[in-house]
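# Residue-level structural notes
Each chain, letter by letter, is given below.
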Amino acid sequence: KVAEEAQKQTLGVYLVGGIVRDLLLERANHDIDFVVEGDAIAFAEHMQATYGGSVHSYAPFGTAKWHLDADTAEALGIANGKLPDHIDFASARNEYYLHPTALPTVYSGSIKLDLGRRDFTINTLAIQISPAAHMWRIVDYFSGLDDLKAGLIRVLHSLSFVDDPTRILRAVRFSERLNFKIEDRTAELITNALPMLRRITGERVRNELNLLWQEAAPESGIYTLAKMGALAAIHPAFKAPSHLGKLFKRLRARDLHQESDAYWHILLSHLPNEDITAIGERLLFGKPLITAIQATHTILYELPVLKENSPKPSRVVAVLGAMPAFSLEIAALFAEEPMSTTIRTYMDSWQNVRPKADGNTLKAMGLSTGPIYSQILLQLKNAWLDGEINSQAEEERFLE
Ligand code: CTP
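A brief look at the structure comes next. The numbers attached to residues start from 1 for each chain and follow its sequence in the written order. This being a predicted model, a pLDDT of at least 70 is required before a residue's local features are given, and a value of 80 or more before pairs of side-chain atoms are given or counted; all residues contribute to the totals for chains, interfaces and linings. As a rule here, side-chain values come from all non-hydrogen atoms in the structure, and water together with hydrogens is ignored.

### Focus on the pattern of salt bridges
It is possible for side chains of opposite charge to pair when their charged atoms get near one another. What counts as a salt bridge is simple: a side-chain nitrogen of Lys or Arg found within 4 Å of a carboxyl oxygen of Asp or Glu. Across all of its chains, the model carries 17 salt bridges by this definition. Close ionic contact of Glu215 with Arg177 constitutes a salt bridge, the shortest N to O distance being 3.0 Å. Of this pair, Glu215 sits in the loop between helix H10 (202-212) and helix H11 (218-227) while Arg177 sits in helix H8 (residues 166-178), and the two are 38 residues apart along the sequence. Partly exposed describes any residue whose relative accessible area lies between the buried limit of under 20% and the exposed limit of over 50%, with all areas from a 1.4 Å probe on protein chains only and scaled to the type maximum. According to the relative accessible area criterion, Glu215 is buried, its value standing at 10%. One salt-bridge network, held together by shared partners, links Asp114, Arg117 and Arg118. Runs of H or I in DSSP of at least four residues are treated as helices and runs of E of at least two as strands, each being numbered from the N terminus.

### Here's the deal with the site of the ligand
For each residue, the test is whether any non-hydrogen atom lies within 4 Å of the molecule or strand; if one does, the residue is near. Close contacts around the ligand come from 16 residues, with Arg21, Asp119, Asp164, Arg170 and Arg177 the closest. The separation between an oxygen atom of the ligand and a polar side-chain atom of Asp119 is 2.7 Å. For this analysis, a polar contact is any N or O atom pair within 3.5 Å, provided that within protein one partner can donate a hydrogen and the other can accept it, and provided that sequence-adjacent residues contribute only side-chain to side-chain pairs. Contacts to the ligand include Asp164, whose side-chain N or O atom sits 2.6 Å from a nitrogen atom. The Shrake-Rupley method, run with a 1.4 Å probe sphere, supplies the accessible areas, and residue values consider only the shown protein chains as cover. Burial of the ligand by the protein amounts to 75% of the accessible area it has alone, namely 570 Å². For the shell around the ligand, the element with the most residues is H8, which contributes six residues. Classifying every residue of the shell around the ligand by side-chain character gives one nonpolar, five polar and ten charged. Think of it as three bins: nonpolar holds Ala, Val, Leu, Ile, Met, Phe, Trp, Tyr, Cys and Pro, charged holds Asp, Glu, Lys and Arg, and polar takes everything else, Gly as well.

### Description of unusual backbone geometry
The linkage connecting Ser130 with the following residue, Pro131, adopts the cis geometry, with an omega of 20°. Within the fold, Pro131 resides in the loop between strand E8 (126-130) and strand E9 (137-139). The amide bond that connects Glu337 to the next residue, Pro338, takes the cis arrangement and shows omega of 5°. Structurally, the position occupied by Pro338 is in the loop between helix H18 (325-334) and helix H19 (339-348). Look at Thr10: it is not a glycine, yet its phi comes out positive at around 40°. Mapped onto the fold, Thr10 is located in the loop between helix H1 (2-8) and strand E1 (13-16). By relative accessible area, which is 63% here, Thr10 ends up exposed.

### Quick look at the packing of helix H21 (residues 371-385) against helix H22 (residues 392-399)
Axes here mean lines fitted to C-alpha atoms, for a helix over just the part in contact, with angles spanning 0 to 180 degrees between N-to-C directions. At a minimum axis distance of 11 Å, the contact between H21 and H22 shows a crossing angle of 140°. It follows that H21 is oblique to H22 by the angle criterion. Taken as a pair, H21 and H22 cross one another with a handedness that is right-handed. The segment H21 lies against H22, with Ile376, Gln379, Leu380, Ala383 and Trp384 engaging Gln392, Glu395, Phe398 and Leu399. Tallied by class, the residues present in the contact of H21 with H22 amount to six nonpolar, two polar and one charged. Working definition: roughly parallel below 35 degrees, roughly antiparallel above 145 degrees, roughly perpendicular at 65 to 115 degrees, and oblique for all remaining angles. Left-handed is the label given to a crossing in which the near helix is rotated counterclockwise from the far helix by less than a right angle, and right-handed is the label when the rotation is clockwise. In what follows, a contact means two residues having at least one pair of non-hydrogen atoms within 4.5 Å.

### Things to note about the sheet that holds strand E3 (residues 54-58)
In space, the seven strands of this open sheet follow the order E3-E4-E5-E2-E1-E8-E9, with mixed pairing throughout. Edge positions in the sheet fall to E3 and E9, since each has one partner strand and no second. The mean angle between the axes of side-by-side strands here comes to 30°, regardless of whether they run parallel or antiparallel. We treat two strands as partners when DSSP finds at least two bridges between them. Where E8 and E9 come together, three bridges link them in antiparallel fashion. When the sheet's bridge partners are listed, Ala126 is paired in E9 with Val139.

Put into structure tokens, the structure is as follows:
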């Protein structure tokens, strides 16, 4: 239908980006991106007026998102479940950069200029679907097909990483995902551009690495980034621990890898607390994540009682009581024995132990209120934990 409407308007429209690359590699991809040689917003609005749904556009960039719904499915004659959530349209554009790392400025331009501003040759492939009917031809201005066949990540020009240093991280991510090699000259350009990584905002670096976590085995991407000096360029204290692969695998085996920044906990918790803070601030983590990773570090490395064989439960509860649940989960997964079992036992039972008595019990005994209440209740709890009290009768005797 997009082709049909574009043909009626004799508008050049191209399917572009990751979906073309992935179609040719026979990999799943549900992000449908079209480039329009003209006004993409007007075209998206026309599609919406004809087939329903809704359009959200962003005029400064000449882009529009066409959100599809059940009515659109019916109008298009497609089963609702098979319809993508949205389709992106962008006006063909040529970006230039006022200065490196600034937001791009948008011009109207031809498809070739649009594709020529992209990161890697394999991402410059397009499928032309209009203006003539039945076109459906692959557009390959930058030898993307050759590189796709050869399995190579190659930039289009020597300033690509200077224009946008996050492409260094993207190169590693694609090479990891597709099992492609970073072409030699491209690798050399990466080495030269590494110092530029220092200038990228924390948010962009973090987002890019978060995308790496979506890959099947992000550890090899992290090792590559460490080896090429990219982690150190992001922050001098940023290093990959040698046991990373083993730990990442263990995380995936427990299906914990998509949870609450789990990979970040493993990547950073081996570092001293001041480095966790420095890197967390560099990547704009926000306080809760920095604190949680520091807690994981503390549990794993700074609590000698956890290294003892059969420590008194009350001593364990005293040190783990304030720790975030996810830090405990991660630490239990990665600690050696006997620490791992101790943390698990804390999580499964000790943290829930409470005495039978409460403030009202103490009041009924005629005790005047004050800090003594919490001291007594803590003593009671510890006595239960350490097996000195095993029944209500014993607790009552203890209280007397
Ligand atoms: N792009 C770029 N430089 C960047 C980010 C993106 O040149 N720093 C280009 C790429 O050529 C890409 C297009 O913008 O084809 C869309 O970006 P994105 O959606 O991130 O890329 P995909 O190739 O679709 O990646 P993925 O499969 O991970 O979604």
